Each structure stands twice: as C-alpha cells, then as structure tokens.
Amino acid sequence: MSAPRPRLSLGRLLGFGLPLALFAALAFMLARGLQHGHSEALPSPLIGRALPTFVLPQLAADVTPRFAPAQMKGQVWLLNVWASWCTSCKEEHPVLMGLSREAQVPLIGFNYQDQAEAGRAWLAQQGDPYRLTVTDPDGRAGLDLGVVGVPETFVIDKQGRVRHKLSGPITPEVWRNTLQPLIQELQGA
C-alpha cells in the first residue's frame, strides 16, 4: 500500500501560487508596455508651453559662448538629449546624421549627465549631426525639461514652445510618420 498523498492546503497554495501569479501579471504588463510606442508613454507637461529657460556652455572645447533657447526664436528646431554612455543614442545616431545632411530642421544637441571629454570623443568618433551641442553634466537643466532618460527629443516651434516630446530614439518611421509632418506644419505656420 502506498503512502497517502499530502493534501494541498490553502496556505500552501497561496504561498506558491500567489507569487507566481503576481510575477506572471508583472511580466505581462512589462511585455505590453514594451510593445507600445514609447513616444506616447511619457507625455510631457511642457507640451504647448515655453521651453524652460537655460543657459549652458557649448560642448565644443574651442567654443566659449553659451547657448540659450531664445537664440533659436523664430525657427522650428529640435532639441535632442543624448549621452555618450547611452546605447539607444548610438542606435538613433545614423538617423540624426541623415537629418543633418538633409538640413530640414536645425538640430541642437543636449549632452546630458555626461563627461564633456566623453561627449566630444563620442561625436568625433560617430560624427556630429548638431548645429551645436550644450552640456549639462549635473543634469539640473535636464530636470527642468523633465528628462527621464536618453535619448529624448523635443520639437520646438517658432515661438519657443514645446510642441512634441519623443522619449526614445528617433527611428526612420518615427521621423517619417510623426516628426517630419509636424515640423513641416510648424514651418509653414
């Protein structure tokens, strides 16, 4: 005769089943979140408002002037937040280089929480698509912009208002379907 099987008690079932169910639910939500468009995942409270004012030094070692967004008043432009340590920035860089060659819109770089030397070396190695790049090594100006990660790109209109924020890399599809039509509309206004 065989030994009787131990019965599963409610406590034992909850002890194993509940953590497993919570893990499965968390994994499902994470997977669904990764499938959604990243540009809409983190809406910015700055949309429709003036870009926060900042005055930052330029990244180029031989340039002493500082840059302020007010210098771009009257132009539609992109502010691209990046860092040399950012893997996704490397993915979007060929797209930025293409945009630079096409010269459809001024592209200003915002080197975020990075060592200036590392940022300069990265641009020297990868190519520099920016009209100019400012550096924000301590991230204070980035906090005012609501930067939560890199890369992020802001579309700024002629009046200096934020019209769109993209969280994540600019891909050819994002450029073609979202950014380019918006920029063309703003440039015509």
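That block above? That's the structure.
Residues numbered from 1 in each chain as written. Predicted model: local features only at pLDDT ≥ 70, side-chain atom pairs only at ≥ 80, totals over all residues. Heavy atoms only, no water.

1. Here's the deal with the packing of aromatic side chains
To keep it simple, the criterion reads: Each pair of aromatic rings taken from Phe, Tyr and Trp, with Trp reduced to its six-membered ring, is defined by centres within 6.5 Å and is described as stacked if the planes are under 30 degrees apart, edge-to-face if over 60, and tilted in the remaining cases. Per the convention used, a helix needs a DSSP run of H or I reaching at least four residues, while a strand needs a run of E reaching at least two, with both numbered from the N terminus. Summary of the burial criterion: residues with accessible area below 20% of their type's maximum are buried, those above 50% are exposed, and those between are partly exposed, where the area comes from a 1.4 Å probe applied to protein chains only.
Considering all chains together, one arrives at five aromatic pairs under this definition. With centroids separated by 6.2 Å and ring planes inclined at 85 degrees, the aromatic side chains of F67 and W77 adopt a geometry described as edge-to-face. Residue F67 is found in strand β2 (residues 66-67), and its partner W77 is found in strand β3 (residues 77-82); the two are separated by 10 residues along the sequence. Like F67, the residue W77 is buried in the burial classification. Plain terms: the ring middles of W82 and Y130 are 6.0 Å apart, the flat faces sit at 10 degrees to each other, and that makes the pair stacked. Residue W82 is found in strand β3, and its partner Y130 is found in the loop between α4 (116-126) and β5 (132-136); the two are separated by 48 residues along the sequence. Accessibility assignment for this pair places W82 and Y130 in one class, buried. Taken together, the ring pairs in this structure connect F54, F67, W77 and F110 into an aromatic cluster.

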